[in-house]
Amino acid sequence: MGLKPGIHTFEYEIEEKFFAEYGEQDFTNCSAKVKLELDKKSGFMLLKFDVDGTVDVSCDRCGNPLTLSLWDEFNIVVKMVDEPEKMNEQEEDPDVYYISKGESHLHVADWIYEFINLTIPMQKNCGEDEIGGPQCNKEVLAKLKKMEDEVSKDSNPLWKGLEKFKDLEN
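Note on numbering: residues in each chain are counted from 1, in written sequence order. Local features are withheld for residues below a pLDDT of 70 in this predicted model, meaning they are given only at 70 or higher, and side-chain atom pairs are given and counted only at 80 or more; totals for whole chains, interfaces and linings count all residues. Values shown for side chains rest on all heavy atoms present in the structure; no hydrogens or waters enter the calculation.

What about the sheet that holds strand E5 (residues 96–100)?
Phase 1 of the analysis: The strand order E1-E2-E3-E4-E5 describes an open sheet built from five strands, whose pairing is mixed. In this open sheet, the two edge strands, each paired with only one partner strand, are strand E1 (6–14) and E5. Going across the sheet, the axis of each strand differs from the next one's by a mean of 20°, ignoring polarity.
Phase 2 of the analysis: Most of the contacts of helix H2 (residues 109–119) go to strand E4 (residues 65–81), to which it runs at about 140°, and overall it touches E1, strand E2 (28–40), strand E3 (44–58), E4 and E5. When DSSP finds two or more bridges between a pair of strands, those strands are recorded as paired. Helix and strand definitions follow DSSP, with helices as H or I runs of at least four residues and strands as E runs of at least two, each counted in order from the N terminus. Here the axes come from fitting lines to C-alpha atoms, over the contacting stretch only for helices, and the angles between their N-to-C directions go from 0 to 180 degrees. Should any heavy atoms of two residues lie within 4.5 Å, those residues are counted as being in contact.

Set out below in structure tokens:
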């Protein structure tokens, strides 16, 4: 790699068009800044990615649009070796990656894609204090409440006898 040993900083502005080659996403309107701090050492590099920004998702509870803040940091160790393909196949740590000693470029787009997706929570809900607020779909919330009430009234008799086992010790 043509970089001299030491710390090098790169900044990337990530917008919707970045995700085109990755196909459809579970979010829209991504506006993120990714700061990459690359610390080149002899024989390896330490990469620190800082992700900051926002994406729009649908609330899992009411279905209305919801803007989420993105923030996280990720670290990757890139080692320069003679047989990177073989080493990458054998490596079990996802935070370690191998490239050829003679490699002059490092492709970071896939890592940026992965890290942005990892900053989005699995459950995308309005905060507990916002439920029923102006952003929520009150019609959906009312239907959910009605369904909850019906389920609790008509609780399945199949499970009725299991409560007595709840507090037993192993």
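Text resumes after the structure shown.
Comments concerning the environment of Glu85
Phase 1 of the analysis: As for its position among the elements, Glu85 is in helix H1 (residues 84–90).
Phase 2 of the analysis: Each C-alpha atom of the pair Glu85 and Tyr97 lies 9.7 Å from the other, and the pair is twelve residues apart in sequence.

Some remarks on the environment of Asp50
Phase 1 of the analysis: With respect to the helices and strands, Asp50 occurs in strand E3.
Phase 2 of the analysis: Placed 15 residues apart in sequence, Asp50 and Lys35 show a C-alpha to C-alpha distance of 5.1 Å.

What about the packing of aromatic side chains?
Phase 1 of the analysis: Working definition: a ring pair exists when centres of Phe, Tyr or Trp rings (six-membered ring for Trp) sit within 6.5 Å. Plane angles under 30 degrees give stacked, over 60 give edge-to-face, the rest tilted. Tallying each qualifying case throughout the model produces nine aromatic pairs.
Phase 2 of the analysis: When the centroid spacing of 4.2 Å and the interplanar angle of 5° are considered together, the rings of Phe74 and Phe115 count as stacked. Of this pair, Phe74 sits in strand E4 while Phe115 sits in helix H2, and the two are 41 residues apart along the sequence.
Phase 3 of the analysis: Each residue is assigned to one of three classes by its accessible area relative to the maximum for its type, calculated with a 1.4 Å probe on protein chains only: buried under 20%, partly exposed between the two thresholds, exposed over 50%. Assessed through its relative accessible area of 13%, Phe74 is described here as buried.
Phase 4 of the analysis: Classification of Phe115 as buried rests on a relative accessible area of 5%.
Phase 5 of the analysis: Among the aromatic residues, those joined into a cluster by ring pairs are Phe18, Phe19, Tyr22, Phe27 and Tyr113.

Description of the pattern of salt bridges
Any two side chains of opposite charge can pair, on the condition that their charged atoms come close.
Phase 1 of the analysis: Throughout this description, the term salt bridge denotes a Lys or Arg side-chain nitrogen within 4 Å of a carboxyl oxygen of Asp or Glu. The tally for this structure, following the rule as stated, stands at five salt bridges.
Phase 2 of the analysis: In this structure, the salt-bridge partner of Glu13 is Lys33, at a minimum N-O distance of 3.9 Å. Of this pair, Glu13 sits in strand E1 while Lys33 sits in strand E2, and the two are 20 residues apart along the sequence.
Phase 3 of the analysis: Classification of Glu13 by relative accessible area gives exposed; the value is 57%.
Phase 4 of the analysis: Residue Lys33 is classed as exposed on the basis of its relative accessible area of 52%.

Quick word on unusual backbone geometry
Phase 1 of the analysis: A positive phi angle is found at Asn29, which is not glycine, with a value near 50°.
Phase 2 of the analysis: Here Asn29 lies in strand E2.
Phase 3 of the analysis: Relative accessible area serves as the criterion here: at 47%, Asn29 is assigned to the partly exposed category.

Let's talk about the environment of Phe44
Phase 1 of the analysis: Within the secondary structure layout, Phe44 lies in strand E3.
Phase 2 of the analysis: Distance from Phe44 to Tyr97, taken between C-alpha atoms, is 9.7 Å for residues 53 residues apart in sequence.
Phase 3 of the analysis: What Phe44 contacts, discounting residues up to four positions off in sequence, is Asp39, Val77, Val78, Lys79 and Met80.

Topic: the pairing of E2
Phase 1 of the analysis: Where E1 lies against E2, nine bridges are found, and the strand directions are antiparallel. Opposite Glu11, over in E2, you have Lys35 as the bridge partner.
Phase 2 of the analysis: The sheet contact formed by E2 and E3 spans eleven bridges and is antiparallel. Looking at E3, one finds that Leu36 is bridged to Phe49.

Some words on a negative patch on the surface
Phase 1 of the analysis: On the surface, a cluster of negative charge is contributed by Glu21, Asp93, Asp95, Asp110 and Glu114.
Phase 2 of the analysis: Tracing the chain through its elements places Asp95 in the loop between H1 and E5.
Phase 3 of the analysis: Among the residues examined, Asp95 registers a relative accessible area of 39% and is labelled partly exposed. Only residues above 30% relative accessible area that lack a salt bridge enter a patch, with like-charged residues linked at up to 9 Å and the nonpolar side chains Val, Leu, Ile, Met, Phe, Trp and Tyr linked at up to 5 Å. Shrake-Rupley sampling with a 1.4 Å probe provides the accessible areas, and residues are treated as covered by the protein chains on show and by no other component. In this tally Asp and Glu are treated as negative and Lys and Arg as positive; neither His nor the chain ends contributes. A charge is said to be at NZ when it belongs to Lys, at CZ for Arg, at CG for Asp and at CD for Glu.

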